[in-house]
Amino acid sequence: YRLIAPYFSPALGTSLIYCSNCRVYYSEYRPTDDEMALLYSGYRNEEYQMQRQKFERNYTKEFNSSLFDPRDVDGRKDAIYRYISNYVDPKQMAQWNMVLDFGGDKGQFIPDEWSSKRRIVYEISNPEVVSGVELVDDYTALFSFKPDLIMCNQVLEHVSDIRGYFERLVHLLTDGAFLYIEVPNERWCVDQEFVRFHEHISFLAEKTFKILADQFGVRLINVKGQGEDVIRALFTK
């Protein structure tokens with residue numbers, strides 16, 4: 001591990017750390033479980049927006065609402081489906097019974113191609129989920145399901161314990177099932193004069209997923225991030 005640069009705010013001082021092994025840049029300060037629960041309870045609702053705008057003046061109501069633009073949602077869904085269908089036989093996907101979106105907000109990013117499957121979203125922020133999607137907020141309850149695909153879409157960059165979170169996903173993965181993970185490709189952030197941390201407290205790399213696969217005994221089918229604004233990885237057990 002290597003200290004890159006200190007970052008200080010009136011409320012909190014932290015540092016940007018780099019791991020030369022897994023190539024993650026991350027904030028030295030890691031929120032506790034209680035702090036994470038406070039942040040993501042009522043995520044992006046009116047109170048959340050007002051609190052965040054106190055510290056980020058550009059985080060207006062209009063900007064918050066724009067994050068749910070249907071055109072953006074449709075584009076992200078299409079990209080997820082195209083990526084996975086490059087590596088999983090469509091005939092095999094046709095046999096799937098269940099898709100689980102882990103930390104998936106309202107379930108809005110589950111591709112429409114799987115609308116006939118049982119769709120479940122695990123989410124602690126108690127959102128109003130999209131039509132046809134079941135909400136589960138108890139992790140232990142997920143062990144009664146056997147999803148053919150688990151999605152974890154732009155979540156890992158938010159969590160304090162990346163290895164622990166990945167391990168929870170692997171524990172839910174049955175033999176022959178698939179795990180799709182997507183994170184923003186934000187390594188450009190470390191080239192800025194000031195590195196500002198807010199919700200995203202880690203900047204991951206393609207090698208991160210290769211190491212996680214080795215550590216937890218799953219097979220990495222593909223990881224792709226070069227030249228893209230996101231890093232996508234697909235695993236199986």
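Reading the values: rules and limits
- Residues numbered from 1 in each chain as written.
- Predicted model: local features only at pLDDT ≥ 70, side-chain atom pairs only at ≥ 80, totals over all residues.
- Heavy atoms only, no water.
- Pairing = 2+ DSSP bridges.
- Helix = DSSP H or I, 4+ residues; strand = E, 2+ residues; numbered from the N terminus.
- Axes fitted to C-alpha atoms, helices over the stretch in contact; angles between N-to-C directions.
- Patch = residues over 30% accessible without salt bridge, like charges linked within 9 Å, V, L, I, M, F, W, Y side chains within 5 Å.
- Areas by Shrake-Rupley, 256 points an atom, 1.4 Å probe, with all protein chains shown as cover.
- Salt bridge = Lys/Arg side-chain N within 4 Å of Asp/Glu carboxyl O.
- Lys, Arg positive; Asp, Glu negative; His and termini not counted.
- Charge placed at Lys NZ, Arg CZ, Asp CG, Glu CD.
- Buried < 20%, exposed > 50% of the residue type's maximum accessible area, 1.4 Å probe, protein only.
- Core = buried A, V, L, I, M, F, W, Y, C linked by side-chain atoms within 4.5 Å.
- Arc of directions from axis to C-beta.
- Contact = heavy atoms within 4.5 Å.
- Phe/Tyr/Trp six-rings, centres within 6.5 Å; stacked < 30°, edge-to-face > 60°.

*Asks:* Explain the sheet that holds strand β7 (residues 149-153) here, please?
*Replies:* Strands in a sheet are paired, the pairing made by backbone hydrogen bonds, and the direction either parallel or antiparallel. Ordered in space as β6-β5-β4-β7-β8-β11-β10, the seven strands form an open sheet in which the pairing is mixed. Where the open sheet ends on each side, the last strands, each with one partner, are β6 (133-136) and β10 (219-224). On average, each strand axis in the sheet is tilted by 20° relative to the strand beside it, whichever way the strands run.

*Asks:* For this particular structure, what's the right way to read a negative patch on the surface?
*Replies:* A contiguous patch of negative charge, built from Asp33, Asp34, Glu35, Asp161 and Glu167, is present on the exposed surface. The element contributing the most residues to the negative patch is helix α1 (residues 33-40), with three residues. Relative to the helices and strands, Glu35 is located in helix α1. With relative accessibility at 34%, the residue Glu35 sits in the partly exposed group.

*Asks:* I tried to follow the nonpolar core on my own but got confused; where do I start?
*Replies:* Side chains of nonpolar character tend, in soluble globular proteins, to be buried together. The biggest cluster of nonpolar side chains holds 41 residues, and the ones touching the most others in it are Phe102, Leu142, Leu156, Phe166, Ile181, Phe209 and Phe235. Counting only elements with at least two residues in this core, the list comes to β4 (98-102), β5 (118-122), β7, α6 (162-172), β8 (178-184), α7 (206-216) and β11 (230-236). Take this core: its biggest share by element is six residues, from α6.

*Asks:* How do you make sense of helix α2 (residues 46-55) when you look at a structure like this?
*Replies:* One full turn of an α-helix is made of 3.6 residues, so residues set three or four places apart face in the same direction. Residues of α2 that are buried include every one of Tyr48, Gln49 and Arg52, and no others. Relative to the axis of α2, the buried residues are bounded by an arc of 95° and lie together on one face. Turned more than 90 degrees away from the buried face of α2, the exposed residues are Glu46, Glu47 and Lys54. On its buried side, α2 packs onto α1 and α3 (61-66).

*Asks:* Explanation requested: the packing of aromatic side chains in the structure shown.
*Replies:* To describe a pair of aromatic rings, one takes the distance between the centres and the angle between the planes. Tallying each qualifying case throughout the model produces 15 aromatic pairs. Measuring from centroid to centroid gives 6.4 Å for Phe209 and Phe235, while their planes differ by 55°, and the two rings are tilted. Residue Phe209 is located in helix α7, and its partner Phe235 is located in strand β11; the two are separated by 26 residues in the primary sequence. Under the relative-accessibility criterion, Phe209 is labelled buried at 0%.

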